[in-house]
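Examination of the molecular architecture
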Amino acid sequence: MGEVSEGMLTAQIIMMALTVILIAVALVILFKKGKEESSNNPEGGSEVTRTEEQGREALNAKKIYRMARELEDIQEELIQLKKEQKQMNHRMENYVRNQEFEKETEKEQPFEQVLNYSLFAQKNDEVLQRYEAGMSPKEIAKELDKSLREVDMVIKLAKQKK
């Protein structure tokens, strides 16, 4: 937050300095033209010359005013862009956090699933012990009086959990 306000302050100071320089340059130009015209016109200048000078001064003042307004508009746009950038950074951080959180929760098994597997393992403990002892699924099915498909299913599910 401190960096943004310092940057904005610096931008505003630069814009103000440019405005002051433009005004000073315009005044110097006008002053020099006034001296040149008065030296070219020994009578002290006519009414027409004065009117032309006033018209030029008015046009220059309008140009300077327009430039100052444009600088202010640019400053406002810059401030708005910085705000939008800050919002986008905040949204991106939230998105990344959410993605990381979702990945972590996918890795963790819910307690209910762990509990269900424990019940499954208890009910089919005889099948699993015999299979680990090296018996074939056909032998286990005959010995426990279960279907071959049931024994195969229990073995496959047990392998998936490991």
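Structure: see above.
Below or above, wherever it landed, is the structure these notes cover. (Residues numbered from 1 in each chain as written. Predicted model: local features only at pLDDT ≥ 70, side-chain atom pairs only at ≥ 80, totals over all residues. Heavy atoms only, no water.)

**With respect to the overall build of the chain**
- Scanning the chain for helices and strands turns up six helices and zero strands.
- For the chain, the α and β elements follow one another from N to C terminus as α-α-α-α-α-α.
- Sequence separation of at least 24 residues holds for 58% of the intrachain contacts in the chain that already meet a minimum separation of 6.
- With the model as given, the accessible surface of the chain reaches about 13500 Å², and the carbon-plus-sulfur share is 57%. (Helix = DSSP H or I, 4+ residues; strand = E, 2+ residues; numbered from the N terminus. Contact = heavy atoms within 4.5 Å. Areas by Shrake-Rupley, 256 points an atom, 1.4 Å probe, with all protein chains shown as cover.)

**Structural notes on the nonpolar core**
- Listed in full, the 10 residues of the largest apolar core are Phe120, Val127, Leu128, Ile140, Ala141, Leu144, Val151, Val154, Ile155 and Ala158.
- Mapped onto this core, the elements with two or more residues apiece are α4 (125-132), α5 (137-144) and α6 (148-161).
- Setting aside chain neighbours within four positions, we find Ala141 in contact with Lys146, Ser147, Leu148 and Val151. (Core = buried A, V, L, I, M, F, W, Y, C linked by side-chain atoms within 4.5 Å. Buried < 20%, exposed > 50% of the residue type's maximum accessible area, 1.4 Å probe, protein only.)

Remember, this is a structural readout, not a statement about activity or role.
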